[in-house]
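Spelled out, the chains give:
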Amino acid sequence: MFQPKKKRPRIRKTMSGLIALTLLSSLVLPSVAGAEPMEPSRVQFTDVSVQAGQSVHVPVTLKQPDYSAVTAYNMQIDYDSSVLEIVRITPKYVGGNFPSIVENNESNFHYKIDNEAGWVRIIWADLTAGEHPVPMEQQLFDIEVKAKNNAAPGTKKLTVNREDAEHWSFTNVDYENYTELSGGTITITAANSGGDNSGSTPTPNPGNSSGGGGSVSPTSPVVTPVPSTPAVTKGVDIYVNGQKQEQSARATTSTVNNQVTTTVHVDNDKVINQIGSGLRTLLLPITGTGKGAVVGELNGKLVKTMEGSNAEVVIQTDSGTYTLPANQIQVDQIHNQFGGTTPLEDITIQIAIAPSAASKQTAIQAAADKLENTTVIAAPVDFEVKAIWNGQQVNVDRFNSYVERSITLPEGVDGSKITTGVVLQPDGSLLHVPTKVIKGNGQDSAIINSLTNSTYALIYHPATFSDVTNHWSRDDVQDLASRLIVHGTGENVFAPDRSITRAEFTAVLLRGLGLHSPRSTEAASFTDVKTGSWYEDEVQTAVSYGLISGYADDSFRPNSEISRAEALTIVSRAMKLVGLAQADASETTSLLSTYSDSAKVQAWAAEPVASAIKQELVQGADGKLMTDADISRAQSAAIVKRLLAKAGLI
């Protein structure tokens, strides 16, 4: 009765009758005494990050009340086998003097992996008549998970069907134990371009000629607020590549301006000595702080070491998670701003997640009130990175690739009631940032990807248009409208079949990508982009990110209708920014040849159009590409949505 539905694992015939009987009775017999405990036990799958082609360890921990004593458990963990595979299961608690565990070996711990179907089954039972139950807090086992070489950046989840007793069962000495489950998110990042990428082409750096698209702010004096309560310090555990590193950090908690702040000071040298050259993820899990601020503190030497390993630091709190690749901190630029001679270990890097100030919350609510049918779902959260040395501070506020952060929704808040994450602009408006909602066990999370640091809020802004109700583009248009990416042309009207201008298409694409300001101060000059026009800032931003370049006569022609070839050329440049592979020369010929009008595709548009076909952003109609035809508002919405979805941003 404890076999999974997908495939029945076989217990070796050499297992003694006593072991088999104990497993069966422990896992499936109903409770015979006692009552269900008031407080549930909790199983935690650690959230981890892994590069494509690499493996990572996921610790699985059980926390239970002091009156509980788990004597057997059984779980089937499911995963996406097209992207992930389980390498091995390593037990961390066996109980008693039982033999070392291997798959299907005779012992009190068993597991079975099926990487084809995408599940692993783990069974454990205390065979000493209750003498060795699981302690109150104990790591049960470790899952080594590998992201396949072809895994695209994004998130995947280790899941369990807890409604099925054959897939999830924890038994106490006296009763069937109620056990909650949390965690299990695996964030997949792009493969290390300096290592073995199995033939993949590294994504070009969309940065500028000065050494990257990210930026750090000028130095400013450090303002150190005075705590209103004495600081309390304690040792905390961190994780390196999923492995717990005990007492490798200390946490200091104090109250400043009525804000409880927990600062985690990493033992930089200890971590560097432990990781060698194999660091992939440094996880700082700081929970139990409620709505307080959490600051992870590293020094420049550790960040530089992590940068050399293409590693990332993850700050995990009750209110959200910040996943920051070390190379996006741009420690060399920071070092230069501090004079270039300062020892890296003397530079403090702070990565913070904090609830926004009351003034920001008020401003965001006021901005939402100005929008029709808009509700702020969760209190805004600030994500910040700054470097400090010798009384000076540098803010790291721009990145050269998308950086992920998540906001944990309040208990009881349904993730389906979120349409997008937003940032507050200086003019008091709210603008979209690429957002997707991840369902969780008990609490959902909103994953936000952005090229900047900012204050983020979550809103519900459902949008409909009367003239797309029966139109093929309805779902795409209304989804993008609910994200504040596209707007109507009048009262409840979208005009889906109307042609779109070059300025309008550029604005829609920028809003979809969450690009709301130029990445540099270098001005773009077009003879026909007028100062003060509604599209002036959009054109400047698009030029700074390399998305548009204009015509040979130095014009942009903002009010001219844009052709499909021109639109796809701009989209292909955006593909570089979001990390989507483009078509090479041989692919271009092959992809275009399937369309009857491929000979009409001009040479300058061939690779961009082929790249869009490769990523399934366009399909053509009646076997034709019609690249010279104008593109409609509906088609523009569909292409932008497919681009964001393909990149894993929504």
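Draft legend 1. Geometry of the packing of aromatic side chains. Throughout the structure, instances matching the rule amount to 12 aromatic pairs. Put simply, the rings of Tyr73, Tyr93, Phe109, Trp124, Phe141, Trp168 and Phe170 pair up and form one aromatic cluster. The ring of Phe556 is capped by Arg502, whose NZ or CZ atom sits 4.6 Å from the centre of that ring. When the ring centre of Phe494 is taken as reference, the NZ or CZ atom of Arg633 above it lies at 4.2 Å.

Draft legend 2. Quick look at a negative patch on the surface. On the surface, Asp267, Asp269, Glu345 and Asp346 cluster together into a negatively charged patch. One can find Asp267 in the loop between strand E18 (259-266) and helix H2 (268-275). With relative accessibility at 35%, the residue Asp267 sits in the partly exposed group.

Draft legend 3. Local environment of the environment of Gly428. Tracing the backbone shows Gly428 in the loop between strand E26 (420-424) and strand E27 (430-433). Along the sequence, Gly428 and Lys370 sit 58 residues apart, while their C-alpha atoms lie 9.8 Å from each other.

Draft legend 4. Spotlight on the pairing of strand E29 (residues 445-452). In terms of burial, E29 is a largely internal element, 7 of the 8 residues being buried. Relative to E29, strand E25 (residues 392-408) is paired through 7 bridges, and the arrangement is antiparallel. Bridge pairing in E29 links Ser406 to Ile447. Where strand E28 (residues 435-438) meets E29, 4 bridges bridge the pair, whose relative direction is antiparallel. Pairing of Val437 across the sheet is with Ala446, part of E29. Between the end of E28 and the start of E29, which pair antiparallel, lie 6 residues, with Gly442 showing a positive phi angle near 105°.

Draft legend 5. Up close: the pattern of salt bridges. Within this structure, the stated rule accounts for 17 salt bridges. Two residues, Asp475 and Arg474, come together in a salt bridge whose shortest N-O distance is 3.3 Å. According to the relative accessible area criterion, Arg474 is partly exposed, its value standing at 36%. In this structure, Glu616 and Lys646 form a salt bridge, with 3.6 Å as the shortest nitrogen-oxygen distance. Here Glu616, found in the loop between helix H11 (603-614) and helix H12 (633-646), pairs with Lys646, found in helix H12; they are 30 residues apart in sequence, far enough to count as distant. A residue is classified by how much of its surface remains accessible, and Glu616, at 53% relative accessible area, is exposed. The partly exposed category is assigned to Lys646, whose relative accessible area is 37%. Each of the salt bridges in this network shares a partner with another, and the network as a whole consists of Asp476, Asp479, Arg483 and Lys641.

Draft legend 6. Looking closely at the nonpolar core. Within the largest apolar cluster, 61 residues are counted, with the highest numbers of intra-cluster contacts made by Leu513, Leu515, Leu547 and Leu643. The set of elements that each furnish at least two residues to this core consists of helix H6 (474-482), helix H7 (502-513), helix H8 (536-544), helix H9 (564-578), H11 and H12. The residues touching Leu513, leaving out its near neighbours within four places in the chain, are Tyr402, Pro434, Leu547, Ala574, Leu577, Val578, Leu643 and Leu644. Counting residues in hydrophobic clusters, the runner-up holds 50 residues, among them Ile238, Val403, Ile407 and Leu458.

Draft legend 7. Seen up close, the confidence of the model for the chain. Per-residue confidence for the chain averages 82 on the pLDDT scale, and 83% of its residues sit at or above 70. Averaged pLDDT values over the elements of the chain bottom out at 40 in helix H1 (residues 17-28) and peak at 97 in H7. When the criterion is pLDDT under 50, residues 1-37 qualifies, and its contacts beyond four places in sequence or with other chains add up to 74 contacts. Throughout residues 97-106 the model reports pLDDT below 50, and contacts reaching past four residues in sequence, or to other chains, amount to 25 contacts.

Draft legend 8. Geometry of the pairing of E27. Where E26 lies against E27, 4 bridges are found, and the strand directions are antiparallel. Counterpart to Leu424 in the pairing with E27 is Leu430. Here E26 folds back onto E27, and the loop between the two strands holds 5 residues, one of which, Gly428, carries a positive phi near 90°.

Draft legend 9. View of the sheet that holds strand E13 (residues 185-189). The 3 strands are arranged E2-E13-E9 in an open sheet whose pairing can be described as mixed. Looking at which strands have only one partner, the edges of the open sheet turn out to be strand E2 (48-51) and strand E9 (154-157). For this sheet the average axis-to-axis angle between neighbouring strands, irrespective of direction, equals 30°.

Draft legend 10. Seen up close, the environment of Asn449. Tracing the sequence through the fold places Asn449 in strand E29. Sequence separation between Asn449 and Thr435 is 14 residues; the distance between their C-alpha atoms is 6.6 Å. Sequence-distant contacts of Asn449, defined by excluding residues within four places in its chain, comprise Tyr402, Val403, Glu404, Arg405, Pro434 and Leu649.

Draft legend 11. Looking closely at the environment of Lys291. Residue placement: Lys291 occurs in the loop between strand E19 (281-285) and strand E20 (293-299). Apart from the residues lying within four places of it in its own chain, the contact partners of Lys291 are Gln259 and Pro355.

Draft legend 12. The sheet that holds strand E1 (residues 41-45), seen in detail. Strand order in the open sheet made by the 5 strands is E5-E8-E3-E1-E12, with mixed pairing throughout. With partners counted over all chains shown, the strands left at the sheet margins are strand E5 (84-91) and strand E12 (179-183), one partner each. Shown here is a sheet whose adjacent strand axes are inclined to one another by a mean of 20°, direction ignored. One ladder, built from 9 bridges, connects strand E3 (residues 55-63) with strand E8 (residues 137-147); its direction is antiparallel. When the sheet's bridge partners are listed, Ser55 is paired in E8 with Lys146.

Draft legend 13. Here's a closer look at unusual backbone geometry. Phi angles above zero are rare outside glycine, and Leu484 is one such case at about 70°. Within the element layout of this structure, Leu484 appears in the loop between H6 and H7.

Draft legend 14. Empty space enclosed by the protein, seen in detail. Summed over the entire model, instances satisfying the criterion amount to 2 cavities of 30 Å³ or more. When its volume is computed, the second largest cavity comes out at roughly 50 Å³. In this structure, the second largest cavity is lined by Thr46, Asp47, Val48, Ser49, Val56, Tyr239, Asn241, Gly242, Thr281 and Leu283. Within the residue set of the lining of the second largest cavity, elements represented by two or more residues are E2 and E19. Of the residues that constitute the lining of the second largest cavity, the class distribution is 4 nonpolar, 5 polar and 1 charged.

The rules we used
Residues numbered from 1 in each chain as written. Predicted model: local features only at pLDDT ≥ 70, side-chain atom pairs only at ≥ 80, totals over all residues. Heavy atoms only, no water. Phe/Tyr/Trp six-rings, centres within 6.5 Å; stacked < 30°, edge-to-face > 60°. Lys NZ or Arg CZ within 6 Å of the ring centre and 35° of its normal. Patch = residues over 30% accessible without salt bridge, like charges linked within 9 Å, V, L, I, M, F, W, Y side chains within 5 Å. Areas by Shrake-Rupley, 256 points an atom, 1.4 Å probe, with all protein chains shown as cover. Salt bridge = Lys/Arg side-chain N within 4 Å of Asp/Glu carboxyl O. Lys, Arg positive; Asp, Glu negative; His and termini not counted. Charge placed at Lys NZ, Arg CZ, Asp CG, Glu CD. Helix = DSSP H or I, 4+ residues; strand = E, 2+ residues; numbered from the N terminus. Buried < 20%, exposed > 50% of the residue type's maximum accessible area, 1.4 Å probe, protein only. Pairing = 2+ DSSP bridges. Core = buried A, V, L, I, M, F, W, Y, C linked by side-chain atoms within 4.5 Å. Contact = heavy atoms within 4.5 Å. pLDDT = per-residue confidence, 0-100. Axes fitted to C-alpha atoms, helices over the stretch in contact; angles between N-to-C directions. 1 Å grid on protein atoms, 1.4 Å probe; cavity = no way out; pocket = protein on both sides within 12 Å on 5 of 7 lines; lining within 4 Å. Points joined across faces, edges and corners; volume = space filled by probe spheres on them. Nonpolar A, V, L, I, M, F, W, Y, C, P; charged D, E, K, R; others polar.

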